[in-house]
Each structure stands twice: as structure tokens, then as C-alpha cells.
Amino acid sequence: MTTSDPTTVTPSSLEELRDAVLDRPGPIRVAGAGTAHDWAGTPAPAGTVLSTTGLSGIVTHNPGDMTAEVWAGTPFAQLQARLGEHHQRIAADPAREADGATLGGLFATADSGPRSLQYGSLRDVVIGATIVLADGTVARSGGHVIKNVAGYDLTKLLHGAHGTLGVLAALVLRLHPTPQVTATVAVPCDRAAMTDLARRVADSPVEAAAVAWHDGRLLALVEGSERGAEARARRLVETLGDEAGLLAPDDATAAWEAHDAAVRARPDDRAVLRFGVIPGSLSGVLDGLDTDTGGLTEVTASPRTGIATVALPADADVVAAAHRRVADAHGTSTLRQRPPGADLPAFGPAPASAALLRQVAASVDPDQRFGRGRLAPWLPLPSTTVGATA
Amino acid sequence: MATPTTATGPTTGPLAADFAAVLPDTCVITDEVGLRSYECDGLTGFRQVPAVVVLPRDAEEVAACVRVCARHGVPFVARGAGTGLSGGALPVADGVVISLQKLRRILEIDVENRRAVLEPGVFNLDITRAASPHGLYYAPDPSSQQVCTIGGNVAENSGGAHCLKYGFTTNHVLEMEVVLADGSLVTLGGPTGDQAGPDLRGLFIGSEGTLGICTKVTVRLLQTPESVRTLLADFPSIEAAGDVVGDIVEAAIIPAAVEMMDSLAMEAAEAATGAGLTVDAPAALIVELDGPADEVDAEFEHLTAICERHGATRLHVPTEAEERARVWKGRKAAFAAVGRISPDYIVQDGVVPRTRLAEVLTRIAEMGRDAGLRVANVFHAGDGNLHPLVLYSEAAGEHDAAEELSTQIAELCVELGGSLSGEHGIGTDKACSMPRMFSPDDLDVMHRVRLGFDPDSRCNPGKLFPTPRLCGERPGPYRPHPLEEAGVIERL
């Protein structure tokens with residue numbers, strides 16, 4: 001194991017990226033803005049940190065086709081601002097964008113926000129990619145059209161790969177029009193009541209873009225045209241009863257900012273877990289975790305997608321038990337914060353597909369150069385450490 | 001005890017005997033007549049009689065069949081309803097066809113959580129039929145939805161007329177059970193959009209049967225929209241209709257569907273269905289908006305104004321569901337209807353960036369004139385997915401010219417920055433064109449991923465990837481993508 005600091009390289013073109021992969025020996029840790037450096041598994045020592053932040057900006061934006069190709073190291077918030085000038089956006093709202101997270105980083109960590117209820121996650125709006133493999137091979141998949149079934153959808157393999165398997169150089173995205181109006185309806189409720197209320201939102205014909213519970217109230221977001229969105233929001237208020245109300249624009253912004261702040265909170269000496277279960281099981285799993293852990297904090301939950309983010313004690317047994325509880329409910333979970341020095345399990349019990357993942361990894365990155373440790377133990381560290389030091 | 005006949009080859013006997021040990025006799029087909037009914041899929045120009053066809057009844061039996069194939073080292077091809085249009089379910093000589101037609105149970109419609117759990121042989125439309133009493137439906141709706149299966153949809157990443165707004169199969173599948181080439185069963189994906197580790201589910205969807213066999217699939221169900229409004233509008237030119245689509249996009253409207261037909265396609269469709277199309281109009285659009293009534297009403301007003309601004313010669317607004325269904329029938333029947341105006345025809349499937357529609361149609365018309373063949377056009381205008389129908393007469397010896405024109409059209413789509421296929425897949429049909437769209441390195445990486453799933457390449461070999469055997473010794477050369485030529489993208 002090396003004790004010297006790793007060398008950071010920051011390529012600013014596809015060619016430099018490829019050359020860096022070829023020129024640097026041994027394991028490489030891929031980093032974007034570093035906002036998820038302690039998510040998933042603990043990185044193994046690597047002689048090189050490959051920063052994607054030099055690969056930044058829009059490669060092409062075709063407003064008429066509603067597509068854009070973007071360098072992976074582009075800060076997401078900056079990208080949204082640029083697209084917004086054309087009244088377009090990427091229909092994704094991961095909380096980490098406020099911390100400067102990059103497009104590639106958000107994609108590699110399979111991050112998503114409340115709007116995934118309507119639009120899915122970044123995996124659902126990325127239509128192509130350029131990737132660099134550990135042997136320097138540059139490959140493209142997908143393309144610049146939203147409808148395309150030619151060849152494997154290789155891009156998906158890097159969604160959630162946490163910097164393993166390959167490096168994202170650029171992504172091609174499907175864009176959506178920016179809605180003219182967004183309106184938020186809020187109803188105070190405890191966690192026990194959120195499931196039924198969210199169900200009422202879902203059963204009404206207004207088609208909410210997001211439904212999230214945080215800090216004692218349920219928020220429902222409606223997006224659309226000037227005439228349509230407000231009428232829909234009013235219908236939603238009627239559906240949800242006397243306690244529900246349409247938030248004034250500033251209050252709505254503040255409510256969602258508070259929600260996002262909780263999602264990306266980094267409470268001292270706590271671990272953060274994000275998990276997903278069948279929506280109907282969410283409330284029960286949260287209650288169980290509350291009991292198991294002696295009290296969850298920073299709880300945000302999307303009762304219609306079944307996804308929640310919670311903080312719990314940074315204790316290996318507690319975190320392992322939390323993963324198990326989610327797995328018992330047939331869900332998935334990933335560690336999102338590991339206090340410095342803590343050795344906490346990143347994932348729950350390995351699924352049968354972990355063997356498949358190892359085979360695919362062996363085929364595309366046989367020496368496991370990229371992101372060693374990030375998917376451990378599902379993708380265990382290689383038994384030999386040849387080339388582990390620079 | 002099974003006593004399978006062994007008419008097709010020296011290896012069939014022991015292979016069939018091993019299948020007979022894991023399946024009842026009636027589920028193992030080895031007779032010539034029985035095998036022949038599996039010799040092709042919807043692309044009937046390619047035919048190959050397999051050595052054996054097996055019809056397992058559940059996932060365990062599928063896995064057992066795959067293990068028999070592994071033991072004998074023989075390739076296998078999974079088959080749903082056989083409606084594919086790219087030869088993806090074409091059998092392999094001396095190989096096995098594993099039909100999923102007996103796995104056709106809807107295992108669960110979970111109303112509260114809005115999902116359905118299905119066996120792969122369930123017909124696409126039957127999902128919506130089962131969900132609709134609960135006010136729910138399954139969004140991807142390929143034209144063949146009455147007869148195509150969800151397992152086939154997973155293999156092809158099927159779309160449909162409404163995928164502009166709602167996405168493709170990959171956007172609606174949450175979880176799958178898959179049998180891998182070694183006979184092991186794994187689950188890919190999970191119960192929510194949350195994901196731990198790489199998205200192997202997304203990689204599998206659209207892999208055309210080359211990574212394994214899907215034996216169970218959980219899909220998302222959506223709420224039936226409160227309001228659906230459809231507009232049929234005629235235009236004086238294809239360009240005018242294309243401009244309308246551009247303005248719809250500009251107006252931040254995402255229609256559920258935007259379909260365009262040219263006069264030749266309308267002539268055929270009208271003759272077949274009497275859907276109310278104007279046969280002498282140069283172009284028509286079918287635009288469908290759906291969603292909350294407040295939103296749809298506002299958008300519909302806007303849409304009508306856009307059509308009028310671009311010189312629509314007729315606006316027809318079907319008000320009853322039945323009338324709307326008739327318009328859609330006219331559109332969906334257009335392929336088959338072309339048989340009324342031409343003895344033979346080839347359905348092509350390519351994609352261009354939407355803003356290049358007018359250009360591609362002009363080029364297609366020129367290419368048709370040069371080849372002395374007529375081309376009818378039906379397409380999903382919102383996403384640039386073209387379905388040119390090349391009309392020809394086999395009897396007049398026009399087959400080869402028609403094939404050539406059809407291939408040229410698909411490759412033209414790539415040249416214009418698009419794709420070889422929007423929904424029919426690569427299969428056998430377009431494997432040799434893949435080097436037009438992807439570099440050797442791109443294809444090599446896909447192949448390496450495939451070897452991770454299937455080290456011996458026994459899952460549906462010969463599909464999707466160009467092979468010397470299929471394409472001759474020299475598959476078509478890679479040509480630079482236009483964005484590459486323009487210096488917008490680089491290929492190292």
C-alpha cells in the first residue's frame with residue numbers, strides 16, 4: 001500500500017483523457033467534483049486520481065431536436081442554467097447539484113431527485129455516451145436521437161458504477177421543455193399519514209411531477225402551462241382536504257430547498273443511507289429502521305417512488321442491519337456518507353447478479369484499474385495487488 | 001418415454017433426449033413440419049430450420065433447457081411471438097429455439113404500487129387490458145401490441161407511437177428475472193427507480209436475446225390520462241407538416257404522439273380501413289395530446305392555431321373514442337395496407353434528428369426515383385423515426401433493387417446523424433450495416449460486455465454484431481459520423 005499522495009491528472013480533452021489512462025500505471029480513482037467521494041464502498045489506494053473537471057461544457061446543443069452532448073465534468077447546475085436560456089432543461093433534480101456535482105458524477109452515482117416520479121432518473125434521459133476503458137479504448141454507444149435501438153445500451157452499465165468499469169467522457173441527453181409554471185401543494189402530516197395522502201395525489205388526475213415527505217409535511221409538485229398548472233394545483237388542494245394549501249412561490253422554493261438540504265445533509269458522525277422499496281412498504285421500513293437505529297434523522301421520503309434518504313449512527317452493525325432490513329423488504333440500499341475512518345458496509349447482501357457483475361467487470365476492466373473498492377464487496381478487490389502503487 | 005424423431009441432423013438425437021428428460025414430450029418439437037413453423041420471424045426473407053424447438057412452461061424449465069444447451073455446447077435462440085421485423089428470432093442452424101409462448105401468465109397487477117409482474121409470453125396489449133379496470137395502463141404500445149409479447153419487447157426495447165412522451169420499454173421495466181447462458185437465474189433491477197450498483201437491467205433491455213432469456217418482468221403501470229384529444233390535419237406539403245412539429249416543440253408541448261403520413265401511405269391506409277384520411281393530401285399529421293384536462297385543453301388550442309398558421313387544409317377532430325380509434329387504425333394498419341397498392345414491399349426503420357426530416361424525405365424521394373421504385377412514408381415525426389415502405393414487385397424482378405434501396409435509406413439515416421433502427425432492432429437484417437454507425441472499437445466493447453454475460457456466445461449468435469459469415473469477408477467500412485466530420489466529436 002502506498003503512503004504517498006496520489007497524483008491528480010486533469011485532462012481537458014478526450015485525447016488527453018485517453019492518454020492519461022494509458023500513461024498512468026495501476027489503479028485510477030475517478031473523481032468529479034468530489035461531492036460523493038464517501039458514497040458506496042471505500043476507495044482502495046490508487047496512485048492516480050483522474051479528475052473529470054477539466055472536461056467541462058456543452059459539446060453540442062440542438063434546441064430543435066431537444067438533445068445536447070455534454071462533457072461529463074460539467075457542473076450540473078451550470079448546465080441547467082445554460083439550457084434554461086433556451087427554455088429547456090434536463091428533467092432531473094438531484095439535490096447534490098447545489099453542491100457543484102458534475103453531470104458524470106451524478107450519473108455514475110445513480111443519483112436522482114423527487115421529479116424521478118414523473119421523469120425517471122438520469123438513466124432515463126441519457127441517450128448516448130463516450131466512454132474510455134482501462135486499456136485506453138474509446139467507445140461510443142447510443143447516439144444523438146432519442147429513439148434508437150442500434151447496439152447495446154452500454155451507457156447504462158456506467159449508471160451506478162461509482163467510477164468502476166470505465167470513465168465517462170461525455171453524455172448525450174434528451175432535453176425537456178422548461179415548464180411555464182410550477183406550483184407546490186403542501187399538507188402537514190406525520191410519516192404514518194404520508195402513504196395515504198400520496199396515494200390520493202396519485203389517484204387524482206392532476207399528474208404531479210413529484211411527491212415528497214419532509215419535516216412533517218407532504219409536498220406535491222405540479223408543472224405545466226400557465227393556465228393548466230394552477231388549475232391542477234387547485235384541484236389537488238381540494239383532493240387533499242382542509243389542511244392542504246397552495247404555497248406562495250417563495251414558500252414553495254424554500255420548502256423544496258429545505259427538502260434538498262436534508263437529502264444532501266452531512267450530519268457529523270452519522271452515516272447516510274439511501275434506499276428504495278416497493279412504495280407500499282416504505283412507511284413500514286422507515287418505522288423499522290427508526291426502532292433499529294435509535295432514531296433516524298434527516299429523513300426525506302418519496303412515498304410514490306419508494307425512495308428515501310436517512311441518517312443513522314455510523315456504526316458498522318447498525319448500518320449492516322439497516323441494509324438487511326431493506327433487503328428483507330426486497331429493496332436496494334447504498335451508503336451515502338461514511339464519516340472519515342469509519343468502516344461501514346456500502347451495500348446489502350450481494351444479489352445473485354453480483355457474480356454477473358464480476359464477469360462483466362473482468363471483461364471490460366480485467367485488472368480492475370478503475371474505482372477499486374467502490375463496489376466492494378459485490379466487486380471485491382483483486383486478490384493480487386499488482387500495480388497498486390504508482 | 002419420449003422417442004423423438006431425429007430427422008434434422010446427427011446431433012439432434014442425444015440433444016432431444018436430454019430435453020425430453022426435463023420437459024414433457026409435447027414440449028419438445030423435432031419433427032420437420034413442427035420445426036418449420038419456427039424457421040423465421042416477422043422478417044420472412046431469412047429462414048433457417050432449427051434442430052430442436054422446446055417449449056418450457058416456467059422459468060425453472062427455461063433454465064433447465066439452457067443447461068442442456070450448455071452441456072451440448074449448442075446455441076439457442078429465445079422466441080416470443082415471432083413478430084420481430086429484423087430477424088432477431090431467426091433460428092441458428094443445428095441450434096435450439098426456446099419458445100416462451102407457454103410462459104404467459106400475468107402474475108400480479110399491483111394497483112397500490114402501480115406495477116405488473118408478468119411472464120415473458122404475455123401479450124403487450126393484455127397488460128393494459130388487465131390494468132384498465134383499475135384506471136391504469138402500460139405505456140409502450142408498439143403497432144404489433146395485440147400479438148407481440150413483453151419478453152420480445154424487453155429484447156428489442158420496443159417503443160410505439162406514444163413513446164415520444166412516455167419513453168420506451170427500458171423506461172418502464174423495473175425488474176427482471178433472467179436466465180443466463182450457463183443456466184443460472186438472476187434478478188436484474190429492483191422494485192424502484194433506486195439502484196445499487198451498475199444498471200445491468202438497462203444493459204440487458206434491447207440486447208436482442210444475445211445476453212440471456214428474460215423469464216419474468218416487473219413493469220410500471222401509469223394512470224390512464226384524464227383527457228385524450230386527437231387531431232388529424234392535412235397539409236399542402238411535407239415541409240409544412242414538418243414545420244408544425246417544430247413549432248409544437250417550440251411551444252413546450254410534448255404530445256403523446258405525432259405521426260406523419262404521405263399521400264401514398266394514406267392512399268393505401270384509406271383503401272384498407274376507411275379511417276377518413278384525405279387521399280390526395282400531400283401530407284397529414286395525427287397529433288395526440290393526453291394528460292390532465294386543464295392542461296390538454298390549453299395545449300389543444302395552441303396546437304390548432306399552429307396547424308392553421310402553417311396552412312392546414314383540413315382539421316379533423318375525432319371526438320368519440322370510437323372515431324379516434326378509427327384514425328389510429330388507419331395509421332397502424334398502414335404497413336399491411338400497402339399490400340393493396342403494391343404486390344411486395346419492405347418496411348424500413350431508421351431515425352434522423354427530427355430537424356432533418358424534410359431533408360431525409362427529399363433524399364429518399366430522389367433515391368426512389370433513381371432506383372425506379374416508389375417509397376411510401378409513415379413515421380413517428382416527433383422523434384424522427386421513419387418507416388419508409390419500399391414498394392416493388394417480386395415477379396418483375398425488383399427484389400434486389402428494393403433491398404438495396406431499403407438498406408441505403410437506413411444508412412442515409414446514419415449519415416444524417418441518426419440511427420440504423422428506432423424500434424425494429426438490428427437482428428440479422430442490419431448486422432452488416434452496424435459498421436456504418438459504430439467503429440470497430442465501439443463494437444469490440446459491446447462484444448466484450450457480451451462475453452461477460454455469455455463467454456461462449458451461445459445466446460442468439462449471429463445477430464446484432466456483423467460477422468464475416470453473414471456479411472462476407474469485408475463488412476461495410478466505418479464511415480465518419482457527420483458530427484465527427486464537422487469536428488464536433490472526435491474519434492481517436
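What you see is a predicted model, and the numbers here were worked out from it, not measured in a lab.

Time to look at the sheet that holds strand β7 (residues 126-132) of chain A. Residue and element names in this part refer to chain A. One open sheet holds the five strands; their spatial order is β4-β5-β9-β7-β8, and the pairing between them is antiparallel. Unpaired on one side and paired on the other, β4 (58-62) and β8 (138-142) mark the two borders of the sheet. Geometrically, the sheet is characterised by an average inter-axis angle of 10° between neighbouring strands, direction not taken into account. Of the strand pairs in this sheet, β7 and β8 are connected by five bridges, and their pairing is antiparallel. Along β8, the bridge assignment pairs Ala129 with Ser141.

Once that is clear, we can look at the side chain of His323 of chain A. Take His323 of chain A: it is sitting in helix α11 (residues 316-328). The residues touching His323 of chain A, leaving out its near neighbours within four places in the chain, are Leu273, Ser333, Thr334, Leu335, Pro345, Ala346, Phe347, Gly348 and Pro349 of chain A.

Okay, the pattern of salt bridges next. As enumerated under the stated definition, the model contains 42 salt bridges over all chains in all. Residue Arg36 of chain B pairs with Glu39 of chain B through a salt bridge whose shortest N-O separation is 2.9 Å. Looking at Glu39 of chain B, the relative accessible area reads 11%, which means it is buried. Taken together, the shared-partner salt bridges in this structure form one network comprising Arg89, Asp93, Arg115 and Glu223 of chain A.

Together, Glu394, Asp400, Glu403, Glu404 and Asp429 of chain B give the surface a local cluster of negative charge. With respect to the helices and strands, Asp429 of chain B occurs in the loop between α14 (399-415) and α15 (434-437).

To continue, consider the sheet that holds strand β5 (residues 106-110) of chain B. Residue and element names in this part refer to chain B. If you trace the five strands from one edge of the open sheet to the other, you get β5-β6-β10-β8-β9, paired in antiparallel fashion. Taken across any chain shown, the strands that pair with only one partner, and hence form the sheet edges, are β5 and β9 (185-189). Along the sheet, successive strands turn relative to each other by an average axial angle of 15°, direction set aside. Examined bridge by bridge, strand β6 (residues 115-118) and strand β10 (residues 213-220) share four bridges and lie antiparallel to one another. What sits directly across from Val117, in β10, is Thr218. Sheet strands touched by helix α4 (residues 124-131): β5, β6 and β10. Its angle to β5, the strand with the most contacts, is close to 45°.

All right, on to the interface of chain A and chain B then. Each partner contributes residues to the interface: chain A has 85 residues there, and chain B has 89 residues. Around 7100 Å² of area is buried between chain A and chain B when both sides are counted, 57% of it from carbon and sulfur atoms. Here chain A and chain B share 10 salt bridges between them. We note a salt bridge from Asp199 of chain B to Arg123 of chain A, for which the minimum N-O separation is 2.6 Å. Viewed at the interface, chain B and chain A are joined by 35 residue pairs in polar contact (both at pLDDT 80 or more). The residue makeup of the side of chain A that touches chain B, split by class, is 36 nonpolar, 28 polar and 21 charged.

With that settled, consider the domain arrangement of chain A. Interfaces are often described in size by the accessible area the parts lose on coming together. Residue and element names in this part refer to chain A. When its domains are assigned, chain A resolves into domain 1 (184-262) and domain 2 (265-337). Computed from C-alpha atoms alone, the centre-to-centre distance between domain 1 and domain 2 is 23 Å. The partner domain 2 presents 13 residues to the 15 residues of domain 1 that form the contact. Note on domain 1 versus domain 2: buried area summed over both sides is about 1200 Å², and carbon and sulfur give 55% of it. The largest contributions to the domain 1 side of the interface with domain 2 come from Arg191, Met194 and Ala262, which together make up 45% of the buried area. For the pair domain 1 and domain 2, the number of links is two salt bridges. Between Asp287 and Arg191 there is a salt bridge; the shortest N-O distance is 3.1 Å. Where domain 1 packs against domain 2, one counts six residue pairs in polar contact (both at pLDDT 80 or more). The set of elements that each furnish at least two residues to the side of domain 1 that touches domain 2 consists of α7 (191-203), β12 (210-214) and α9 (249-263).

The next point concerns the state of the cysteines. Residue and element names in this part refer to chain B. The tally for this structure, following the rule as stated, stands at one disulfide over all chains. In this model Cys432 forms its disulfide with Cys471; the gap between the sulfur atoms is 2.0 Å. With the S-S dihedral at roughly -90°, the linkage between Cys432 and Cys471 falls on the left-handed side. Note that Cys432 is positioned in the loop between α14 and α15 and Cys471 in helix α17 (residues 468-471), a separation of 39 residues in sequence. Cys432 gets classed as partly exposed once you look at its relative accessible area, which sits at 25%. In this model Cys69 remains outside any disulfide bridge; the closest cysteine sulfur is found in Cys65, 7.0 Å from its own. For Cys69, a relative accessible area of 0% gives the class buried.

Rules used throughout
- Residues numbered from 1 in each chain as written.
- Chains lettered and ligands numbered in written order.
- Predicted model: local features only at pLDDT ≥ 70, side-chain atom pairs only at ≥ 80, totals over all residues.
- Heavy atoms only, no water.
- Pairing = 2+ DSSP bridges.
- Helix = DSSP H or I, 4+ residues; strand = E, 2+ residues; numbered from the N terminus.
- Axes fitted to C-alpha atoms, helices over the stretch in contact; angles between N-to-C directions.
- Contact = heavy atoms within 4.5 Å.
- Salt bridge = Lys/Arg side-chain N within 4 Å of Asp/Glu carboxyl O.
- Buried < 20%, exposed > 50% of the residue type's maximum accessible area, 1.4 Å probe, protein only.
- Patch = residues over 30% accessible without salt bridge, like charges linked within 9 Å, V, L, I, M, F, W, Y side chains within 5 Å.
- Areas by Shrake-Rupley, 256 points an atom, 1.4 Å probe, with all protein chains shown as cover.
- Lys, Arg positive; Asp, Glu negative; His and termini not counted.
- Charge placed at Lys NZ, Arg CZ, Asp CG, Glu CD.
- Buried area = accessible area lost by both parts, 1.4 Å probe.
- Polar contact = N/O pair within 3.5 Å; in protein donor to acceptor, adjacent residues only side chain to side chain.
- Nonpolar A, V, L, I, M, F, W, Y, C, P; charged D, E, K, R; others polar.
- Domains from an automatic or database assignment.
- Disulfide = S-S within 2.5 Å.

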